Each structure stands twice: as structure tokens, then as C-alpha cells.
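For reference, the chains in residue letters:
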Amino acid sequence: NEWNRKAAKITGFSKEEVLGKLLVQNYITQEYREQVQTVFDKAFKGESTSNFQFPLFSKTGERVEVLLNASPTYNVQGQLTGCLGVGQDITQMLRIQLERDRIGEDSKRLIDTSNAPIFGVDRRLNITEWNQKAV
């Protein structure tokens, strides 16, 4: 029964708004419910899951990409009592990766379609890039 300040900040839902509510049915989009449910079902059987990525939607409808680690929790008698989910907001990181990939593709397209011969070499002068005009 945990919902910390970071979870509240990311989602816009206060601890009071979420405690006692069904996580998967209320806060996970339809398309990811089965996968997220499976992660938690594994935890309830004593199996941890690391680095599971899924989108969570905030109170305002903003998509937040979450990287989740889910681990079973036990009481002092060693009985399984629940699951602890630790999530990391990776939304910005994914945006940066997408932008980096887009820039890389744009650069490759520019090299391939240039009217001038363009080539690249590494430190040993091995050719690493070669556009069609260089042929």
C-alpha cells in the first residue's frame, strides 16, 4: 500500500486518490493491462520482474513511459503478502533517443543524396561512410 511523492508527481494522482483502487484496471491503458497484470501475477508467485516498460497515463491524460521493477513482498514469517513496484519515468530519455535516431537518419539521407562525394574515415583511415557520388 505505497504511493510516494514521485508517483504522485508523475501521475497527478494523490496517495489518497489511489489507495484502495485497482491499479491495473484503473491506471493502465487497455492495451497494456494484460502484460502489466502478468508482471504482478509473477510477483504474487514469488518471481521478480526487472526493466518492464509500459505507458502509464497521468490524471491529465499525458503519456508517461515507465520502466518497472516488480518484486514480491513478505512478512516476518516469510509469507508472501504482496508486491512492491518500483518505477522510473523514462519518458524524456525515450524522447531523446528518438530525436537522436531521427538526426542520424537525416544525416545518412543527406550523405546518400548529396551531389558531392562524401566519405568518412576512422582514426586509422578506414573508410566508414561512402555515398553514391564518391563512386
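Residues numbered from 1 in each chain as written. Predicted model: local features only at pLDDT ≥ 70, side-chain atom pairs only at ≥ 80, totals over all residues. Heavy atoms only, no water.

Colleague: So what exactly am I meant to see when it comes to the sheet that holds strand E2 (residues 63-74) here?
Modeller: Hydrogen bonds between backbone groups are what pair the strands of a sheet, and the pairing can be parallel or antiparallel. Taken in spatial order, the 3 strands of this open sheet run E1-E2-E3, and their pairing is antiparallel. Of all the strands in the sheet, the pair left with one neighbour each is strand E1 (49-57) and strand E3 (80-89). Sheet twist, expressed as the average angle between the axes of neighbouring strands with direction ignored, equals 35°. With 9 bridges joining them, E2 and E3 adopt antiparallel strand pairing. Opposite Asn69, over in E3, you have Val86 as the bridge partner. Contacting E1, E2 and E3, helix H4 (residues 30-44) runs over the sheet at an angle of about 145° to E1. (Pairing = 2+ DSSP bridges. Helix = DSSP H or I, 4+ residues; strand = E, 2+ residues; numbered from the N terminus. Axes fitted to C-alpha atoms, helices over the stretch in contact; angles between N-to-C directions. Contact = heavy atoms within 4.5 Å.)

Colleague: I'm lost on the nonpolar core in this one. Help?
Modeller: Grouped burial of nonpolar side chains is what soluble globular proteins tend to show. Core analysis: the biggest nonpolar cluster contains 19 residues, and Ile28, Val36, Phe40, Phe52, Phe54, Leu56 and Leu68 have the highest contact counts within it. Setting aside chain neighbours within four positions, we find Leu56 in contact with Thr11, Tyr27, Ile28, Glu62, Arg63, Val64 and Val66. (Core = buried A, V, L, I, M, F, W, Y, C linked by side-chain atoms within 4.5 Å. Buried < 20%, exposed > 50% of the residue type's maximum accessible area, 1.4 Å probe, protein only.)

Colleague: What exactly am I supposed to notice about the packing of aromatic side chains here?
Modeller: Aromatic ring pairs are reported here in terms of the distance separating the ring centres and the angle at which the planes meet. What the rule picks out here adds up to 3 aromatic pairs. Seen from their ring centres, Phe13 and Tyr27 are 5.0 Å apart, and the 75° between their planes marks the pair as edge-to-face. Here Tyr27 lies in helix H3 (residues 23-27) and Phe13 lies in the loop between helix H1 (5-11) and helix H2 (15-18), a separation of 14 residues in the sequence. Owing to a relative accessible area of 16%, Phe13 belongs among the buried residues under this scheme. By relative accessible area, Tyr27 is classed as buried at 11%. Taking the centre distance of 5.7 Å and the plane angle of 25° together, the rings of Phe52 and Phe54 count as stacked. (Phe/Tyr/Trp six-rings, centres within 6.5 Å; stacked < 30°, edge-to-face > 60°.)

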